[in-house]
Amino acid sequence: MKITMRMHLFLLSLIAIGTLQGKSYERMENGISILPRNSRETGAKKLIIRALTDDIVQIVRTPSDSDPIPSSLVTEGVKPSGSQFTVEERGPEIRLLTGKLIILLDSRTGEAAIRDSNDRLIFREGSGRIIPAVVAGEKVNHIQQSFQWLQGEALYGLGQHQEGTFNWRGHYVEMFQYNMRAVVPFLLSTNGYGILWDNCSYTKFNDTSAGSFVWSEAGDAISYFFIYGPEPDAVIRNYRKLTGDAPLFPKWTYGYIQSKERYQSQQEILDIAREYRQRRIPMDAVVLDWQYWDDGMWGQKSFNRDRFPDPEAMLRTLHTDHNAHFMISIWPKMSSRSPDHNEMAAHAGFLYPSDSDPFYDAFNPEARSLYWEQADRGLFSKGVDAWWCDASEPELDGWDLNCDAFRTKMKPSIGSGSRYMNAYSLMHAKGIYENQRRVTADKRVVNLTRSAFSGQQKYAAITWSGDITADWDVFRNQIPAGLNFCMSGIPYWTTDIGAFFIQSSGVGGLGRGGWFRNGRFDGGIADEGYKELYVRWFQYGAFCPIFRAHGTDFPREIWRFGEPGTRAYDTLLKFDNLRYRLMPYIYSTAWKVTDEGYTMMRGLAMDFGQDPHVFEIDDQFMFGPSILVNPVTRPGVTYRAVYLPLDADWYNFWTGERYSGGQTFPVPAPLHEMPLFVRAGSIVPMGPFIQYAAESADPIELRIYPGANGDFTLYEDENDNYNYEKGVYSTINLKWDDQARRLTIGKRNGSFPGMLKNRTFHVVVAGERRGTGVEITRSPDRTVAYSGIEQIVSF
């Protein structure tokens, strides 16, 4: 048969789109698959590319051409919208094009590269390897994916680690859960994307001379998600689109939370709350640590009635007389002597095998339900407001720093401990959140937990940095630890202000020795050196997403560090008051976290990615959109060097002096001040001096920092309950036109029961010695009586 030129071109076009029998790819739902020619070398026989949205791509490698895409605990129940993609084939290169990305595949090696819509290379991987292995008697696959990071690219995330590393380029880290380490296998790149590694087993990240790769001990296949932004906030927003949004906490959660190891009785708790109110020190919650249960019944979820004779009355008094809330420690382990244990043990498989106090199986939905029933019956029904889920790694083998216990002692209902060791905290949080939501919509879930995993943000979880020790280096390391955690897509993190352990090994408190007790201050709160550390830590804590003090050895109430007129007491009170004056700013930013996928505690690369100088700065950060925080992490200093990022002017919060960005210079840092700067163009709402977060937020002082245009959305609601999910809240959009020197206070959108319909705004244009510090500006530039109607204020 004679082939005309037209037929020839038609046949070539069929080849190009992969529709002939000899095509090198196969179309499937949301993507394509190919069989790379080098699979014998790598063990990865099949490559699957799924375009879940225009900016989320899943890359999967399986050991055979018949293996399914592995299931995921992280993306469970989340269904991305899909993408309208096209496929082109050009020789050995296959191109999959979404609305935002160009995915380039080499059909010979199966390796992928990704370009943005401007054809700029932003990501390149290397080979993926799947190697059969045996772990704890189980046949598994070791999986390893290599990456070819681009020059100048910085990487953040991977959860919380205590080594002091911020940018992971050039580093190695092991990822398994233990006290002080929280594993979140997500990387945020300055090239405008994130990588979510979808594996729950023991994992290693490596970027050294030995190679650049992620390795996991047990997996059926390699599976990870490429998440595009390109802005860091868009990356994290898309991460949460894939893994679940972060709910809004009750307003009180953003106030000061008082804790120690431990309050001994009902009376002591009430006395602490009363003292705070009498001294007029702002506070929103008191925390009850372990051993409130009957003696010898570790993990029992009920009160010892000798020490807590009437929990309902105690909680009513806290709520009504002191406007305070109550958080309680609960454990996933249960003493074999306890009623909760016996109830669990009556069900096969609800408890992990143990010679002593077993942990319950959080992977079993029925066990999770029973665990909640116990917590509800003994605690939540009495009026408890929040959970402190301790030892949620789980702590199967004491405080030993290895993961053998997970492999041998953890028996999840869905598989082996080797496969799921890192996800226990995720499933534990899932049970608390989903079951409390079934019981009531009137009280938002709050879960402070010692561990974390990808997706845990959707279960109203806060992670704290574990049982750290009082040491200046440990304190400094909390900053990159917290930043990397929040840059892993989970927005709420905190630390024990002043550290859990104060004293050195073998001294005081819990009587533990070893690596976990190496504090430097055996004199405790009487030691002037410790007081200095505590004040500096407290200043930093006031700008963490969650603000709380906790520890053993000595109490942590503010008056333990001095009396009014002493520099420690006065400085602690000053920064506590500053936190509460900033409550309109903080709660509105928290709404932005929930509504827009925002991050409150921000490494500088999130806002100043065009300034490579910030990539390695690990001891400064942005708190919301406006405030640059610069903790003092060395003893005895009265200045610290501060770098002001490019592309902005900055105001010293304490003096009002204005500086250009792009410079480093020494800033005064006496003990009573931590250097703070506010970005030009900011609108910072500050409320009155209050004693608890939900107290009246009227009037509001609006501090305008001129030098650029700016905007801010003021958010308010009922402070607790889930009515906000139904649109029961209000917002007021604020806009500053710098050239016109004009502030627009927009029309109020929405309403809620109890809303303040008429309020006062005191508008202050900040400048040198004006609109500075924690004190209220007594002579505002304008006073605006606001009733919900747009108002324009000119200067």
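All values derive from a computational prediction rather than experimental measurement.

Caption draft 1: Seen up close, the nonpolar core. Within the largest apolar cluster, 250 residues are counted, with the highest numbers of intra-cluster contacts made by Y254, W387 and F543. When residues no more than four places from it in sequence are discounted, the contact partners of F543 are F575, L578, R579, L582, F621, F623, I627, V629, M674 and L676.

Caption draft 2: Quick look at the state of the cysteines. A complete count under the given rule lists 0 disulfides for this structure. Unpaired in this structure, C389 has its nearest cysteine sulfur neighbour in C200, at a distance of 19 Å. The buried category is assigned to C389, whose relative accessible area is 0%. Just so you know, C403 is unpaired, no disulfide at all, and the nearest cysteine sulfur is the one on C200, 14 Å from it. Judged by relative accessible area, C403 falls into the buried class, the value being 5%.

Caption draft 3: Quick peek at the side chain of N206. Within the element layout of this structure, N206 appears in strand β15 (residues 203–208). On the basis of relative accessibility, which here comes to 5%, the residue N206 falls in the buried class. There is a polar contact of 2.5 Å between the side chain of N206 and the backbone oxygen of G211. Filtering out sequence-adjacent residues up to four positions away, N206 remains in contact with H171, Y172, G211, S212 and F213.

Caption draft 4: Looking closely at helix α14 (residues 583–596). Compared with an ideal rise of 1.5 Å per residue, which puts 14 residues at 20 Å, α14 spans 19 Å between its outermost C-alpha atoms and is within 8% of the ideal. Within α14, 11 of the 14 residues are buried, which leaves it mostly tucked inside the rest of the structure. Among the residues of α14, M583, P584, Y585, I586, Y587, S588, T589, A590, W591, V593 and T594 are the ones counted as buried.

Caption draft 5: Focus on the packing of helix α7 (residues 365–378) against helix α10 (residues 424–439). Interaxial distance between α7 and α10 falls to 9 Å at its minimum, and their mutual angle equals 60°. Compared by their axis directions, α7 and α10 come out oblique. The element α7 and its partner α10 pack so that their crossing is right-handed. Each of R368, S369, Y371, W372 and D376 in α7 lies in contact with α10, whose residues at this interface are M427, H428, K430, G431, I432, N435, Q436 and V439.

Cut-offs and rules
- Residues numbered from 1 in each chain as written.
- Predicted model: local features only at pLDDT ≥ 70, side-chain atom pairs only at ≥ 80, totals over all residues.
- Heavy atoms only, no water.
- Core = buried A, V, L, I, M, F, W, Y, C linked by side-chain atoms within 4.5 Å.
- Buried < 20%, exposed > 50% of the residue type's maximum accessible area, 1.4 Å probe, protein only.
- Contact = heavy atoms within 4.5 Å.
- Disulfide = S-S within 2.5 Å.
- Helix = DSSP H or I, 4+ residues; strand = E, 2+ residues; numbered from the N terminus.
- Polar contact = N/O pair within 3.5 Å; in protein donor to acceptor, adjacent residues only side chain to side chain.
- Expected span 1.5 Å × (residues − 1).
- Axes fitted to C-alpha atoms, helices over the stretch in contact; angles between N-to-C directions.
- Parallel < 35°, antiparallel > 145°, perpendicular 65-115°, else oblique.
- Left-handed = near helix turned anticlockwise from the far one by under 90°.

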